[in-house]
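Fold and geometry: a report
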There are 2 protein chains.
Amino acid sequence: MSLPRIAIDAMGGDEGVRVMVSGAALARRRHDRFKFLLVGDETRIKSALDSHPNMRGASEILHCDDVVAGDEKPTAALRRAKTTSMGLAINAVKTGDCGAAVSAGNTGALMAMSKLALRTMPGIDRPALAALMPSLGDNDVVMLDLGANTECDTRNLVQFAIMGAAYSRIVTGKEAPRVRLLNIGTEDIKGTDSVQEAARALRAATGLAMSFEGFVEADKINRGEVDVVVTDGFSGNIALKAIEGSARFVTDLLRNAFTSSLRSKIGFLVSRPATELLRHHLDPNNHNGGVFLGLNGVIVKSHGSANTQGVANAVAVAARLLEESLTERITADLAELGTEKLRDKGSATK
Amino acid sequence: MSLPRIAIDAMGGDEGVRVMVSGAALARRRHDRFKFLLVGDETRIKSALDSHPNMRGASEILHCDDVVAGDEKPTAALRRAKTTSMGLAINAVKTGDCGAAVSAGNTGALMAMSKLALRTMPGIDRPALAALMPSLGDNDVVMLDLGANTECDTRNLVQFAIMGAAYSRIVTGKEAPRVRLLNIGTEDIKGTDSVQEAARALRAATGLAMSFEGFVEADKINRGEVDVVVTDGFSGNIALKAIEGSARFVTDLLRNAFTSSLRSKIGFLVSRPATELLRHHLDPNNHNGGVFLGLNGVIVKSHGSANTQGVANAVAVAARLLEESLTERITADLAELGTEKLRDKGSATK
């Protein structure tokens, strides 16, 4: 079977062309059927390709001079969709030249440009940003929305649940991932009207490829008891960053503690393999690759500060979503839900 | 100066009478001018007092048989305000018999009963739940609201900022604590209308005993760069629990890592003092004592699972808030802000 190419915005991210190209090359060791369209400065891309013979014959370069800046407003970036590496990578998905695009650039700009160029899928009102988070369970947890939509209604949340479950099925291999809505308690009366109504709609729905299990509180996200955590973009962004910040806080305390005495320093050296394991488990590069779900095409956001391994993971996410036909899965699930029924449920709480 | 007594709901919490009484006794070593009204089963309280000679002459018992259950709905608990240990402890604040009440019982019931009995202060629309969180800085961070108000408007957020700053001044001794609104980015355009409008109102206000410094993202709460984090109850509850859950997740990973090999086990033993320091820093008992701000009286919520040290910290929080006249400080700050001005700002965004 012939697979679509993956467009790489080679200019986005803090680490530049070299990391994007070497990340794609590393991903290609696992997904060797994939080919790439590398978008950006031709000279620098060619120079980066020199170190990666496995990319020869597997990649084409699309030259451009213009780059979306990291601090640029999405509205400003939108005007340069036809000249920037980010815009051209997305456009390659729009024209069907590529099946997916990966960028480590400005998240807001990537979202705005992707939405305008690719449009949302039939049956989806708004796309959502989903990411994988480490857990104590056997698999990573999918959480969405992480900031694409500041405020969400019932319909949005139900659609996010369906999209998140489809993503989780691909990542975990589970037929019916355990889906929960993020809330401030697990009782039915807790939370906003839209969260409560979304729970009723998901509980009533039959035939969905998920096991909807009610609410989850933010301290249980990583316990291995849930596969998909659904929330609005404001709460999701806060939960994600609180988790990242708290993990860094604890590891900072640990480092301080370990360097506070000679005895601790010796203990640290002896237990190095243990703390390395911890570091590996918490390294965001190992969970890299936020996905914009709900668009007509696969768009993957790599962390701005991701290293080669991180970019490789983001590219691998794009490859798996193409191999497993994410977009088609979501379409099928939406048909299963019965769009009319959902519409009634959603509008009742507006 | 004669200080008001502190009412202790001796029956609330998972650990029972003994921990509440010994916690009060421990707090009294630091705040030895305070006296207590211990509310609950007289026989059990007397038995617990036997071990604490420093409480003799400093405590009176108010007997009752009834207790608010941990899983009881607030509406059900409200009906038993005159018979339960929680209700009677709050009532002692209402009558002026005590200046503050401390309970480790059902949070929702404590909030509902306190609000009904004590009413909100003039100039405050809704009370908020505030707590102290550990940070890398020199002092704990005050965060509010943590779940008392699922949805908040601009006025609520501005009032929370004033109440949180008053609390932080008492805890940190700073004249102008650094106050920030929790948001999903630091640019002006980020977040909901109410968050943006609250930022404008706080920036425009003069004469407040705080330094308002804009927005803070959830990964920066613990970095020591902010003293008061203001948010609505939904986001605040999610941020608080995400931080707690993530800290536990990392320490669980660490424990797993340390027990994964003999070498690690030895390393762990050698570096025990370091990991003990970490444990101490993260132990919620060392930051115990959520406060309901904005009521005509001081109500402190102790963690349900707090140990003697935790209860002592909660009682010490109540004692300091009385010593430093929290309620009067908030009243003075509200007068400074100019209630009319705030009202105009708030209503514009509703």
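Up top is the structure.
Our subject in this report is the structure included herewith. This structure is a prediction, so every number in the text was calculated from the model and none was measured.

Next up on the list: the overall build of chain A. Secondary structure assignment for chain A yields 13 helices and 11 strands. Against the 2.2 N^0.38 benchmark of 20 Å for 350 residues, chain A shows a C-alpha radius of gyration of 21 Å, consistent with a compact globule. Dimensions of chain A along its principal axes, counting C-alpha atoms only, are 60 × 60 × 40 Å. Taking all 350 residues of chain A together, the buried fraction comes to 58%. Taking the intrachain contacts of chain A between residues at least 6 apart in sequence as the baseline, contacts between residues at least 24 apart amount to 72%. Counting only carbon and sulfur atoms, one obtains 49% of the accessible surface of chain A, whose full area is about 13800 Å². Placing the 42 positive and 41 negative side-chain charges of chain A at their respective mean positions leaves the two points 3 Å apart.

Here the focus is the interface of chain A and chain B. Contact residues are listed per partner, giving 55 residues for chain A and 55 residues for chain B. Summed over both partners, the interface of chain A with chain B buries about 4800 Å², with 72% contributed by carbon and sulfur atoms. For the chain A face of the interface with chain B, the top three residues by lost area are Ile184, Phe234 and Phe249 of chain A, together amounting to 14%. Counting every contact that joins chain A to chain B gives 4 salt bridges. On the surface where chain A and chain B come into contact, there are 10 residue pairs in polar contact (both at pLDDT 80 or more). Breaking the side of chain A that touches chain B down by element, the ones donating at least two residues are helix H8 (233-258), helix H9 (262-270) and helix H10 (272-282) of chain A. If you tally residues by element for the side of chain A that touches chain B, the top one is H8 of chain A, at 21 residues. For the side of chain A that touches chain B, the residue count by class is 27 nonpolar, 17 polar and 11 charged.

A word on the side chain of Lys241 of chain A. Following the sequence through the fold, Lys241 of chain A ends up in helix H8. Setting aside its immediate chain neighbours within four residues, Lys241 of chain A contacts Ile184, Glu217, Ala218 and Asp219 of chain B.

Residue and element names in this part refer to chain B. A large share of strand S1 (residues 5-9) lies buried, amounting to 5 of its 5 residues. Neither face of S1 is left uncovered, since the one carrying Arg5, Ala7 and Asp9 and the one carrying Ile6 and Ile8 both have all their residues buried. Examined bridge by bridge, S1 and strand S4 (residues 98-103) share 4 bridges and lie parallel to one another. Looking at S4, one finds that Ala7 is bridged to Ala101. Of the pairings in the sheet, the one linking S1 to strand S2 (residues 36-40) comprises 4 bridges and is parallel in character. Looking at S2, one finds that Ile6 is bridged to Phe36. Between the parallel pair S1 and S2, the chain is carried across by helix H1 (residues 17-30), and the sense of this crossover is right-handed.

Residues and elements named next belong to chain B. Strands sit in the order S3-S2-S1-S4-S11-S10-S5-S6-S9-S7-S8 across an open sheet of 11 strands; the sheet is mixed. Unpaired on one side and paired on the other, strand S3 (59-63) and strand S8 (211-216) mark the two borders of the sheet. For this sheet, the mean inter-axis angle between neighbouring strands, taken without regard to orientation, is 25°. As defined by bridge partners, S4 adjoins strand S11 (residues 298-301) across 4 bridges and the pair is classed as parallel. What sits directly across from Val102, in S11, is Val300. Sheet strands touched by H1: S1, S2 and S4. Its angle to S1, the strand with the most contacts, is close to 155°.

Quick look at unusual backbone geometry now. In this chain, Leu144 of chain A is followed by Asp145 of chain A through a cis amide linkage whose omega measures -5°. Here Asp145 of chain A lies in the loop between strand S6 (141-144) and helix H6 (154-172). Within the chain, Arg119 of chain A stands out as a residue other than glycine whose phi angle is a positive 65°. As for its position among the elements, Arg119 of chain A is in the loop between helix H5 (107-118) and strand S5 (128-133). Positioned with a positive phi, Ser325 of chain B is a non-glycine residue whose angle comes to about 55°. Assignment of secondary structure puts Ser325 of chain B in the loop between helix H11 (308-323) and helix H12 (326-337).

Now for the relation of the copies chain A and chain B. With an RMSD of 0.0 Å, chain A superimposes on chain B once it is rotated by 180° and translated 0.0 Å along the axis. These values place the two chain copies in the arrangement generated by a two-fold rotation axis. When C-alpha positions in chain A are compared against the rotation axis, the closest is assigned to Gly267 of chain A, at 2.2 Å. The residues that chain A uses at the interface reappear at the interface of chain B in 98% of cases, marking a shared surface.

One finds Ile6, Tyr167 and Leu181 of chain A together with Ile6, Tyr167 and Leu181 of chain B to be the most contacted residues of the largest nonpolar core, which totals 226 residues. In this structure, Tyr167 of chain B is in contact with Ala130, Leu132, Val142, Gly289, Val291, Leu293, Val317, Leu321 and Leu326 of chain B, ignoring residues within four places of it in sequence. The next biggest cluster of nonpolar side chains, apart from the first, holds 16 residues, and it includes Ala247 and Leu254 of chain A together with Leu254 and Leu282 of chain B.

Here the focus is the packing of helix H4 (residues 85-94) of chain B against helix H5 (residues 107-118) of chain B. Residues and elements named next belong to chain B. Two elements in contact, H4 and H5, have axes whose closest approach is 10 Å; the angle formed by their N-to-C orientations is 30°. On the basis of the axis angle, H4 is roughly parallel to H5. Here H4 and H5 pass one another in a crossing that is right-handed. Residues Met86, Gly87, Ile90, Val93 and Lys94 of H4 lie in contact with H5, whose contacting residues are Ala109, Leu110, Met113, Ser114, Ala117 and Leu118.

Attention now goes to the sheet that holds strand S10 (residues 290-293) of chain A. Residues and elements named next belong to chain A. Taking strand neighbours across the sheet as the criterion, the 11 strands line up as S3-S2-S1-S4-S11-S10-S5-S6-S9-S7-S8 in an open arrangement whose pairing is mixed. Each having just a single partner strand, strand S3 (59-63) and strand S8 (211-216) make up the two edges of the open sheet. Strand-to-strand twist in this sheet, taken as the mean axis angle between neighbours without regard to direction, amounts to 25°. Here strand S7 (residues 178-182) pairs with S8 via 4 bridges, running parallel. The residue of S8 that forms the bridge with Leu181 is Phe215. Those strands touched by helix H7 (residues 193-204) are S7 and S8, and its axis lies near 160° from that of S8.

Two side chains that carry opposite charge are able to pair once their charged atoms sit near each other. Applying the stated criterion across every chain yields a total of 32 salt bridges over all chains. Residue Arg200 of chain A is joined to Glu197 of chain A by a salt bridge in which the shortest nitrogen-to-oxygen separation is 3.0 Å. Placement of the pair is Arg200 of chain A and Glu197 of chain A together in helix H7, with a separation of 3 residues, close to one helical turn. Relative accessible area serves as the criterion here: at 45%, Arg200 of chain A is assigned to the partly exposed category. Here Lys241 of chain B and Glu217 of chain A are joined by a salt bridge, their closest N and O atoms 2.2 Å apart. In this pair, Lys241 of chain B is assigned in helix H8 (residues 233-258) and Glu217 of chain A in the loop between S8 and strand S9 (228-230), connecting two distinct chains. In terms of burial, Lys241 of chain B and Glu217 of chain A fall into one category: buried.

The rules behind these values
Residues numbered from 1 in each chain as written. Chains lettered and ligands numbered in written order. Predicted model: local features only at pLDDT ≥ 70, side-chain atom pairs only at ≥ 80, totals over all residues. Heavy atoms only, no water. Helix = DSSP H or I, 4+ residues; strand = E, 2+ residues; numbered from the N terminus. Rg over C-alpha atoms; globule rule 2.2 N^0.38 Å. Buried < 20%, exposed > 50% of the residue type's maximum accessible area, 1.4 Å probe, protein only. Contact = heavy atoms within 4.5 Å. Areas by Shrake-Rupley, 256 points an atom, 1.4 Å probe, with all protein chains shown as cover. Lys, Arg positive; Asp, Glu negative; His and termini not counted. Charge placed at Lys NZ, Arg CZ, Asp CG, Glu CD. Buried area = accessible area lost by both parts, 1.4 Å probe. Salt bridge = Lys/Arg side-chain N within 4 Å of Asp/Glu carboxyl O. Polar contact = N/O pair within 3.5 Å; in protein donor to acceptor, adjacent residues only side chain to side chain. Nonpolar A, V, L, I, M, F, W, Y, C, P; charged D, E, K, R; others polar. Pairing = 2+ DSSP bridges. Right-handed = clockwise from strand over helix to strand, strands pointing away. Axes fitted to C-alpha atoms, helices over the stretch in contact; angles between N-to-C directions. Least-squares fit on C-alpha atoms with pLDDT ≥ 70 in both. Core = buried A, V, L, I, M, F, W, Y, C linked by side-chain atoms within 4.5 Å. Parallel < 35°, antiparallel > 145°, perpendicular 65-115°, else oblique. Left-handed = near helix turned anticlockwise from the far one by under 90°.

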